[in-house]
Amino acid sequence: MFLRRASRGFSLLELLVAISILGLSLGALLRSSTTATRNVATDERYVYAVELSKSLLAQYSQVPLDGFANSGETSGGFRWSVDARPLPRGETSRLGPGALHDIRVAVSWRDGIRERRVELASVVPGE
Amino acid sequence: MTQRGFTLIEVMVSITILSLVMLLTVSGLRTLASSQTRIEAKTERNDELRLVSTFLRDLLGSSVSPGPVVSLSLGGGSRPDTYFEAMRDAFAWKAPMTMGENAGGRFLLRLSREDSALVLRWLPDEERVQFPQWNKATAKTLVDDITTFETAYRSERDGPWSADWPAQLTPRWVRIRVQKDGRYWPDIVIDLAR
C-alpha cells in the first residue's frame with residue numbers, strides 16, 4: 001500500500017498549484033524589472049534637469065540691477081524659468097541697491113501623469 | 001488496470017501544456033535579461049553625462065580667472081598670469097587640478113575632439129611656456145563615440161554666442177555642446193569669472 005502511494009505521481013491539482021506559483025513568481029520578477037526600467041528613465045530626466053539648471057545658473061551669474069525673469073522650454077520638453085530679485089538690504093549695508101540678487105532656477109517636466117521639478121537657488125551680483 | 005499507461009491523446013495534451021509553460025518561462029527570462037542589459041547601459045550613460053559635466057564645470061569654474069591680477073612679485077613679471085585660448089571647437093585654459101602624476105598644482109589644459117572622442121590634455125604650467133606642445137601632453141579620453149562637439153563663447157550677458165572667438169581674448173562664458181548616441185546632452189554653460 002505504502003509503495004503504491006509513493007509511486008503514484010502528481011495529481012492535476014498539484015500540477016496546477018506548481019505552475020501557478022511559477023507564473024506568480026515570474027510575474028513579480030517582470031514587474032520589478034519594469035519598475036527598474038522606469039526608475040532609470042526618471043533618473044535620466046533628473047540628470048538632464050539638474051545639468052540644465054546648473055547651466056542656467058551659470059548663464060545668469062550676473063543680472064541687471066532691478067531684477068530679471070525669463071523662461072522657456074527646451075526641445076526635450078523641459079520647461080525652465082529664471083527669477084532674480086534684489087535681496088533686501090540691511091540698514092547699515094554698504095552695498096548699493098540691487099548689488100546682490102536672490103536667484104531661483106526651476107526646471108520642470110512631465111513624467112507620465114506626474115509633474116517633476118528641480119529648483120536651484122543662489123545669490124548672484126547685479127550690475 | 002494500474003499497468004494501463006497513457007493514451008496518445010493524453011501524452012499529446014500534456015506535451016502541449018508543458019511546451020506552452022516552457023515557452024512562457026523562457027520568454028519571460030529573456031525579457032528579464034534584455035531589460036537588465038538596457039538598464040545597465042542607460043545607467044552608464046547617465047553616470048557619464050553627470051560625471052563629465054560636473055568635472056568640466058569644476059575644472060573650468062576654477063580656472064585661473066582673468067580680471068584684476070594682484071601680483072606679488074616685485075620685479076613686475078611680464079608673464080601673463082591668466083591663460084585662455086579659444087579655438088574652433090576646442091579651447092585651452094589654465095586651472096589647478098588635483099589629479100595626475102603630480103600631487104597638484106596649476107596645469108595648462110586643453111579640451112578638444114580627437115576623431116570621435118572628447119579628449120582632455122594637460123601639461124604642467126611651467127615658466128616661459130609660450131606655445132604649449134599639446135602633442136606631448138598627457139591625454140585622457142573623457143567621452144567616447146561623440147557625434148558632435150561644439151563650443152561657443154560670449155562676454156556679455158545678453159550678447160550672442162559665437163563659435164569664432166579671438167584667441168587672445170578671454171570670454172566670460174563658455175558653452176559646450178556634446179551629442180552622443182544621437183542625443184544632445186544639456187548644454188554645459190560655465191561662467192569663467194566666477
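All figures in this text were calculated on a predicted structure; none of them were measured in a lab.

Caption draft 1: Molecular detail of the interface of chain B and chain A. In this assembly, 35 residues from chain B lie in contact with 28 residues from chain A. Counting the surface lost from both chain B and chain A, the interface buries some 2700 Å², and carbon and sulfur atoms represent 56% of this. For the pair chain B and chain A, the interface holds six salt bridges. The residue Glu51(A) makes a salt bridge to Arg57(B) at a minimum N-O spacing of 2.8 Å. For the interface between chain B and chain A, the tally reads twelve residue pairs in polar contact (both at pLDDT 80 or more).

Caption draft 2: View of the environment of Val21(B). Locating Val21(B) in the fold gives a position in helix α1 (residues 8-61). C-alpha of Val21(B) to C-alpha of Arg121(B): the two residues are 100 residues apart in sequence and 57 Å apart in space. Setting aside residues up to four positions removed in sequence, Val21(B) forms contacts with Ile19(A) and Leu22(A).

Caption draft 3: Looking closely at the pattern of salt bridges. For the coordinates displayed, the defined rule picks out 20 salt bridges over all chains. Residue Arg45(A) pairs with Asp111(A) through a salt bridge whose shortest N-O separation is 2.9 Å. Of this pair, Arg45(A) sits in helix α2 (residues 12-59) while Asp111(A) sits in strand β3 (residues 100-111), and the two are 66 residues apart along the sequence. The exposure class assigned to Asp111(A) is buried, which follows from its relative accessible area of 16%. When salt bridges that share partners are traced, they join Glu44(A), Lys42(B), Arg45(B) and Arg183(B) into one network.

Caption draft 4: Representation of unusual backbone geometry in the model. Residues and elements named next belong to chain B. We note that Asp-115 has phi near 55 degrees; this positive angle belongs to a residue other than glycine. Positionally, Asp-115 belongs in the loop between β3 (106-114) and β4 (117-124). Taking the relative accessible area as the measure of exposure, Asp-115 reaches 75% and is therefore exposed. In this model, Asp-181 sits at a positive phi of 55 degrees, which is unusual for a non-glycine residue. Checked against the element boundaries, Asp-181 lands in the loop between β7 (173-180) and β8 (183-184). The class of Asp-181 is partly exposed, set by a relative accessible area of 48%.

Caption draft 5: Quick look at the packing of aromatic side chains. Residues and elements named next belong to chain B. For the coordinates displayed, the defined rule picks out nine aromatic pairs over all chains. Ring plane angle 80 degrees and centroid distance 6.3 Å describe the contact between Phe-84 and Tyr-153, whose orientation is recorded as edge-to-face. In this pair, Phe-84 sits in strand β1 (residues 84-87) while Tyr-153 sits in strand β6 (residues 146-154), placing the two residues 69 residues apart along the sequence. Tyr-153 carries the same exposure label as Phe-84, and that label is buried. Ring geometry for Tyr-153 versus Trp-165: centroids 6.1 Å apart, planes at 45 degrees, classification tilted. Placement of Tyr-153 in strand β6 and of Trp-165 in the loop between β6 and β7 is noted, with a sequence separation of twelve residues between them. As far as the burial class goes, Tyr-153 and Trp-165 line up, both buried.

The rules behind each value
- Residues numbered from 1 in each chain as written.
- Chains lettered and ligands numbered in written order.
- Predicted model: local features only at pLDDT ≥ 70, side-chain atom pairs only at ≥ 80, totals over all residues.
- Heavy atoms only, no water.
- Contact = heavy atoms within 4.5 Å.
- Buried area = accessible area lost by both parts, 1.4 Å probe.
- Salt bridge = Lys/Arg side-chain N within 4 Å of Asp/Glu carboxyl O.
- Polar contact = N/O pair within 3.5 Å; in protein donor to acceptor, adjacent residues only side chain to side chain.
- Helix = DSSP H or I, 4+ residues; strand = E, 2+ residues; numbered from the N terminus.
- Buried < 20%, exposed > 50% of the residue type's maximum accessible area, 1.4 Å probe, protein only.
- Phe/Tyr/Trp six-rings, centres within 6.5 Å; stacked < 30°, edge-to-face > 60°.

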